[in-house]
Amino acid sequence: MGKRTTAHDADRTSASGALEELYRAEYVGMVRLAFTLVGSNAEAEDLVQDAFVEVSRRLDQIRNPGAYLRSAVVSRCRSALRRRRVMALRAPEPAPGLTVEATELWDVLERLTENQRVAVVLRYYAGYPASEIAKLLDVPAATVRSHLRRGLSTLRKELGS
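Residues numbered from 1 in each chain as written. Predicted model: local features only at pLDDT ≥ 70, side-chain atom pairs only at ≥ 80, totals over all residues. Heavy atoms only, no water.

A look at helix α3 (residues 65-89)
For the α-helix, the turn length of 3.6 residues means that residues three or four positions removed from each other point alike. The end-to-end C-alpha separation of α3 is 36 Å, in line with the 36 Å expected for 25 residues at 1.5 Å each. Residues G66, L69, A72, V73, C77 and A80 constitute the buried set of α3. (Helix = DSSP H or I, 4+ residues; strand = E, 2+ residues; numbered from the N terminus. Expected span 1.5 Å × (residues − 1). Buried < 20%, exposed > 50% of the residue type's maximum accessible area, 1.4 Å probe, protein only.)

A closer look at the nonpolar core
Among the nonpolar cores identified, the biggest contains 19 residues, and V48, L69 and V73 are the most heavily contacted of them. Breaking this core down by element, the ones donating at least two residues are α1 (7-38), α2 (41-58) and α3. The residues touching V48, leaving out its near neighbours within four places in the chain, are Y27, M30, V31, A34 and V73. Residues L109, L122, A130 and L148 belong to the second largest nonpolar core, which totals 12 residues. (Core = buried A, V, L, I, M, F, W, Y, C linked by side-chain atoms within 4.5 Å. Contact = heavy atoms within 4.5 Å.)

Details of a negative patch on the surface
A contiguous patch of negative charge on the surface is contributed by E101, E104, D107 and E110. Here E110 falls in the partly exposed class, since its relative accessible area comes to 30%. (Patch = residues over 30% accessible without salt bridge, like charges linked within 9 Å, V, L, I, M, F, W, Y side chains within 5 Å. Areas by Shrake-Rupley, 256 points an atom, 1.4 Å probe, with all protein chains shown as cover. Salt bridge = Lys/Arg side-chain N within 4 Å of Asp/Glu carboxyl O. Lys, Arg positive; Asp, Glu negative; His and termini not counted. Charge placed at Lys NZ, Arg CZ, Asp CG, Glu CD.)

Let's talk about the confidence of the model for the chain
Mean pLDDT for the chain: 85, with 86% of residues reaching 70 or above. At the low end of the mean pLDDT range in the chain sits helix α4 (residues 100-111), at 78; at the high end sits α2, at 95. (pLDDT = per-residue confidence, 0-100.)

So, the packing of aromatic side chains
In the structure shown here, the tally under the stated rule is three aromatic pairs. A ring pair is formed by Y23 and Y27, whose centres lie 4.8 Å apart and whose planes are at 25°; its orientation type is stacked. Residue Y23 and its partner Y27 are both found in helix α1; the two are separated by four residues, about one turn of the helix. Judged by its relative accessible area of 34%, Y23 is partly exposed. In this structure, R123 is placed above the aromatic ring of Y124, and the distance from its NZ or CZ to the ring centre is 5.5 Å. (Phe/Tyr/Trp six-rings, centres within 6.5 Å; stacked < 30°, edge-to-face > 60°. Lys NZ or Arg CZ within 6 Å of the ring centre and 35° of its normal.)

Looking at the environment of R84
Positionally, R84 belongs in helix α3. By relative accessible area, R84 is classed as partly exposed at 36%. The sequence separation of R84 and V38 amounts to 46 residues, and the corresponding C-alpha distance is 9.9 Å. With residues near it in sequence (within four places) discarded, R84 still touches V38, S40 and E43. Only 2.8 Å separates the side chain of R84 from the backbone oxygen of V38, close enough to count as a polar contact. (Polar contact = N/O pair within 3.5 Å; in protein donor to acceptor, adjacent residues only side chain to side chain.)

Let's talk about the packing of helix α5 (residues 114-125) against helix α6 (residues 130-137)
Two elements in contact, α5 and α6, have axes separated by 10 Å at closest approach and are oriented at 135°. Between α5 and α6, the angle is such that the two are oblique. Every pair of crossing elements has a handedness; the one defined by α5 and α6 is right-handed. Listed contacts from α6 to V118, A119, L122 and R123 of α5 are A130, I133, L136 and L137. For the contact of α5 with α6, the class distribution of residues is seven nonpolar, no polar and one charged. (Axes fitted to C-alpha atoms, helices over the stretch in contact; angles between N-to-C directions. Parallel < 35°, antiparallel > 145°, perpendicular 65-115°, else oblique. Left-handed = near helix turned anticlockwise from the far one by under 90°. Nonpolar A, V, L, I, M, F, W, Y, C, P; charged D, E, K, R; others polar.)

Some thoughts on the pattern of salt bridges
The tally for this structure, following the rule as stated, stands at five salt bridges. Where R24 meets E20, a salt bridge forms, and the shortest distance between an N and an O atom there is 2.6 Å. Of this pair, R24 and E20 both sit in helix α1, separated by four residues, roughly a single helical turn. With a relative accessible area of 66%, R24 lands in the exposed category. One salt bridge in this structure joins R84 and E43, with 2.4 Å as the shortest N-O distance. Here R84, found in helix α3, pairs with E43, found in helix α2; they are 41 residues apart in sequence, far enough to count as distant. The class for E43 is partly exposed, based on a relative accessible area of 22%.

Following this line, the structure appears as structure tokens:
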């Protein structure tokens with residue numbers, strides 16, 4: 001018995017081909033656009049993939065898939081930038097019940113750059129060696145040592161030590 005092809009199967013095959021064609025034509029340009037807006041290649045790729053998923057779900061309802069895709073990518077980028085701004089305004093609060101010294105240290109750690117803070121916490125709180133931190137952060141060990149040196153210098157200045 002051979003497999004019967006239905007109109008639904010033909011529509012699905014056609015939609016799949018149209019999506020593949022759209023992907024080939026637009027993916028690189030959309031990632032470039034998203035990167036220009038959000039400044040992170042990994043985040044740009046994620047946002048573009050999400051936009052393609054949305055397009056794939058509605059492909060049969062969209063008149064101009066390329067324009068819809070661009071709109072979806074820009075919308076996602078704007079949302080990502082909004083989330084960043086909100087998160088920057090709402091810094092995490094220290095845990096309740098901390099000593100005055102621990103609260104002061106928390107405040108100073110918040111003043112470090114993210115890379116410095118991560119390196120300092122992983123090294124001096126979690127006890128990881130610089131080589132292991134380098135692997136975790138996917139950066140050279142020299143970069144980790146630089147983050148540690150700068151972070152400790154800032155901590156000393158801020159804490160008056």
